[in-house]
Amino acid sequence: MFNSLLIIAIALILGLLSTRLMKVLGLPNVTGYLIIGLIIGPHALGQFLPGAAESFEGLKIVSTVALGFIGFSIGVEFKFSHIKEIGKSAVTITLFQAISATFCVDAVLILIGLIPAVGMPVHEAIIMGAIATATAPAATLMVVRQYKAKGVVTGTLLPVVALDDAVGLIVFAISNSIALSLASGAAVTALDIVVWPLVEIICSLAIGIGIGALLSLVPRFFKSRDNRTIASIVCVFLCLGICELFSVMKEKAWIPFGLSDLLVCMMAGATFVNMRKEAPQIMEGTDRWTPVVLMLFFILSGAELDVMMFSNPMVLVCILLYIVARCCGKYFGTMAGAAITKSDKTVRKYLGITLFPQAGVAIGMATMCNNEFTKIGMADIGAKIVTITMCAVMIYELVGPVLTKWALTKAGEIDPANLRQSRRSKKKLAADAANGMYGTAAPADGVDQTSAADTPAANEAPVNEGKKD
């Protein structure tokens, strides 16, 4: 009989093996994790293994925990001093491309949903529109650093990528609340569509600020790296626990709104990093153990993919339309934002293409949505949203880095010498990476990045620091 611990062990072993294969194929690790999850999941091989399906169901707590750390890591990148430095241009472009992607996907899927055979109701379209905002920073920054891209497009791209997911989480919180109200079938009022979603966002931000402020007090009393790491982990669990408490109260009709797990954790991280200068160093301890959680999260996310849905050609149509509509929204939204801020013409022409990749945060949104719809007895809707998102992510992860490289090359920001240099043997590339030539990637999609333990800051930490306090 398969049990949860055995499933975890098998998933992690296969996940590790998949990284070797992905390296040979030149694909991101997250693609391998999703494929492994799909193969061993309850909709594929898992259905033939005694007890496997029930074990996968019992591992949903892992996905919830991973969502918390994804949100927290996004918040840690949200420094107000950094926002002041990047100026209004990047902020404007970020808002325009995120909202444009949402509206494009919403409009296309709602219109196609008018065809009875498609089966895409309004609440599903609204959710997909919100998920469309998310961008994968790891895939984009991997290309920037590998080819040492420099120029006005790259300079604008980096802050936009940093801000994008924060904007996306707010859009998702609003859209998710509206979609749940519409899907419930009850009479929908202005309170359900406008007031309660705003209350949910405000309360999520307020509680996140409060927990982040409490975490910022910890370094005053605990000096050791280990204790500070424990405190940051406790912070994420506290955020998730309070969100679950609100969810239970909403189910029992004690309160008319819940909280957004991602938004609360993001705000806690943002508050912490803005109140404590040593926050990045403290986060290095958390980064040392979260890769295993994130690997398992992506494998479990792949396991949610129901391959039987592909027997319905309309699902494939929805996947294709989602991908096309999102890309159009990102591209033309970026172009509009760049035009308003009078950015360079290369920014208008090529920046939007570099924002196509999508991975961890989008999967997190889909997983959270799946959990919410399952709670109200609409698991089929959550499964459909997960299926569309997973397929889109795998496609984006395959073609996104290639398009980013093409756009930056066309913009004249990748030196041809660096392109030739990138064709060196894999052995030489591995040696350069070990020597720090390419640096480390952004933390939001952590499984694709260099371990925090490999960064100079981590290596320079005093050996006996963990023995203090």
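**Q** Could you give an account of the overall build of the chain, naming the residues involved and the relevant values?
**A** For the chain, the helix and strand inventory stands at 20 helices and zero strands. Relative to its full complement of 469 residues, the chain shows a buried share of 53%. Sequence-distant contacts in the chain: of pairs separated by 6 or more residues, those separated by 24 or more amount to 82%. Carbon together with sulfur atoms contributes 68% to the accessible area of the chain, which is approximately 20100 Å² in total.

**Q** Report on the nonpolar core, specifying residues and quantitative values.
**A** Ranked by internal contacts, the top residues of the largest apolar core, which has 130 residues, are Phe72, Ile131, Tyr322, Phe373 and Ile385. Once residues lying within four places of it in the same chain are set aside, the contact partners of Tyr322 are Val105, Met128, Ile131, Ala132, Gln358, Ile388, Ala392 and Tyr396.

**Q** An account of the side chain of Thr334 is requested, with residue identities and associated values reported.
**A** Within the fold, Thr334 resides in helix α14 (residues 313–340). The buried category is assigned to Thr334, whose relative accessible area is 0%. A polar contact of 2.6 Å, which involves the side chain of Thr334, links it to the backbone oxygen of Lys330.

**Q** Before we move on, can you summarise unusual backbone geometry with the specific residues and values?
**A** A negative phi holds for most residues other than glycine; trans holds for most peptide bonds. Phi at Lys342 is positive, roughly 55°, even though this residue is not glycine. By the element assignment, Lys342 lies in the loop between α14 and α15 (345–350).

**Q** An account of the side chain of Thr367 is requested, with residue identities and associated values reported.
**A** Position of Thr367 relative to the elements: it lies in helix α16 (residues 360–375). Within the structure, Thr367 has its side chain in polar contact with the backbone oxygen of Ile363 (distance 2.8 Å). Once residues within four sequence positions are removed from consideration, Thr367 is found in contact with Ser63, Leu67, Phe297 and Ser301.

**Q** Provide a residue-level description of the packing of aromatic side chains, including the pertinent values.
**A** Throughout the structure, instances matching the rule amount to five aromatic pairs. Plain terms: the ring middles of Phe246 and Phe257 are 6.2 Å apart, the flat faces sit at 45° to each other, and that makes the pair tilted. Residue Phe246 is located in helix α10 (residues 225–251), and its partner Phe257 is located in the loop between α10 and α11 (261–275); the two are separated by eleven residues in the primary sequence. Neither Phe246 nor Phe257 differs from the other in exposure class; each is buried.

**Q** I'd like to hear about the environment of Ala44, residue by residue, with values.
**A** Relative to the helices and strands, Ala44 is located in the loop between α2 (29–40) and α3 (52–58). We classify Ala44 as buried; its relative accessible area is 18%. Setting aside anything within four residues of it in sequence, one finds Ala44 in contact with Leu38 and Ile39.

**Q** Report on a nonpolar patch on the surface, specifying residues and quantitative values.
**A** Side chains of Val122, Leu182, Ile193, Val194, Val195, Leu198 and Ile202 sit close together on the surface and give an oily, nonpolar patch of about 530 Å² of accessible area. Here the nonpolar patch takes five residues from helix α9 (residues 190–221), the largest share from any one element. By the element assignment, Ile202 lies in helix α9.

**Q** Let's hear about the pattern of salt bridges: which residues, and what values?
**A** Scanning the model with the defined rule gives one salt bridge in all. Between Lys384 and Glu124 there is a salt bridge, with its nearest N and O atoms 3.3 Å apart. Taken together, the residues span a long stretch of sequence, with Lys384 in helix α17 (residues 379–410) and Glu124 in helix α6 (residues 122–131) at a distance of 260 residues.

**Q** Go over the packing of α6 against α17, please, and point to the residues and values.
**A** Where α6 meets α17, the closest approach of the two axes is 11 Å, and the angle between their N-to-C directions is 35°. Along this stretch, α6 crosses α17, giving a crossing that reads as right-handed. Residues His123, Glu124, Ile127, Met128 and Ile131 of α6 form the contact with α17, whose own contacting residues are Ile381, Lys384, Ile385, Ile388 and Thr389. Here the contact of α6 with α17 is composed, by residue class, of six nonpolar, two polar and two charged.

**Q** Any chance you could break down the confidence of the model for the chain for me, citing the residues and the numbers?
**A** Regions with low pLDDT should not have their predicted coordinates read in detail. Chain-level statistics for the chain give a pLDDT mean of 77 and a share of 82% at 70 or above. Of all secondary-structure elements in the chain, the lowest mean pLDDT belongs to helix α20 (residues 456–459), at 36, while α14 reaches the highest, 89. Under a pLDDT of 50 for its full length, residues 436–444 has, in the predicted model, 28 contacts with residues more than four places off or in other chains. In this model, residues 446–469 is a region of pLDDT below 50 whose contacts with residues beyond four sequence positions or in other chains number 46 contacts.

**Q** Give me the environment of Ser224: which residues, what numbers.
**A** On the secondary structure map, Ser224 appears in the loop between α9 and α10. In this structure the C-alpha to C-alpha distance between Ser224 and Ile282, which are 58 residues apart in sequence, comes to 9.7 Å. Looking at Ser224, its side chain comes within polar contact range of the main-chain nitrogen of Asn227, at 3.2 Å.

**Q** So what about the packing of helix α4 (residues 60–76) against α16? Which residues, and what values?
**A** Axis separation between α4 and α16 bottoms out at 10 Å; the angle between their running directions is 135°. By the angle class used here, α4 and α16 are oblique. Taken as a pair, α4 and α16 cross one another with a handedness that is left-handed. Contacts between α4 and α16 pair Lys60, Ser63, Thr64, Leu67, Ile70 and Ile74 from the former with Gly360, Val361, Gly364, Thr367, Met368, Asn371 and Thr374 from the latter. Partitioned by chemical class, the residues of the contact of α4 with α16 number five nonpolar, seven polar and one charged.

**Q** A description of α11 should follow, citing residues and the corresponding values.
**A** A rise of 1.5 Å per residue sets the reference length of α11, with its 15 residues, at 21 Å; its end C-alpha atoms lie 21 Å apart and thus fit the reference within 8%. For α11, the buried fraction is high: 13 of the 15 residues fall into the buried class. Measuring from the side-chain oxygen of the N-cap residue of α11 to the backbone nitrogen of Leu263 gives 3.2 Å; that N-cap residue is Ser260.

**Q** Residue-level account of the environment of Ile414, with values.
**A** Secondary-structure assignment places Ile414 in the loop between α17 and α18 (416–421). Between the C-alpha atom of Ile414 and that of Val144, which follows or precedes it by 270 residues, the distance is 8.5 Å.

Parameters and conventions
Residues numbered from 1 in each chain as written. Predicted model: local features only at pLDDT ≥ 70, side-chain atom pairs only at ≥ 80, totals over all residues. Heavy atoms only, no water. Helix = DSSP H or I, 4+ residues; strand = E, 2+ residues; numbered from the N terminus. Buried < 20%, exposed > 50% of the residue type's maximum accessible area, 1.4 Å probe, protein only. Contact = heavy atoms within 4.5 Å. Areas by Shrake-Rupley, 256 points an atom, 1.4 Å probe, with all protein chains shown as cover. Core = buried A, V, L, I, M, F, W, Y, C linked by side-chain atoms within 4.5 Å. Polar contact = N/O pair within 3.5 Å; in protein donor to acceptor, adjacent residues only side chain to side chain. Phe/Tyr/Trp six-rings, centres within 6.5 Å; stacked < 30°, edge-to-face > 60°. Patch = residues over 30% accessible without salt bridge, like charges linked within 9 Å, V, L, I, M, F, W, Y side chains within 5 Å. Salt bridge = Lys/Arg side-chain N within 4 Å of Asp/Glu carboxyl O. Axes fitted to C-alpha atoms, helices over the stretch in contact; angles between N-to-C directions. Left-handed = near helix turned anticlockwise from the far one by under 90°. Nonpolar A, V, L, I, M, F, W, Y, C, P; charged D, E, K, R; others polar. pLDDT = per-residue confidence, 0-100. Parallel < 35°, antiparallel > 145°, perpendicular 65-115°, else oblique. Expected span 1.5 Å × (residues − 1).

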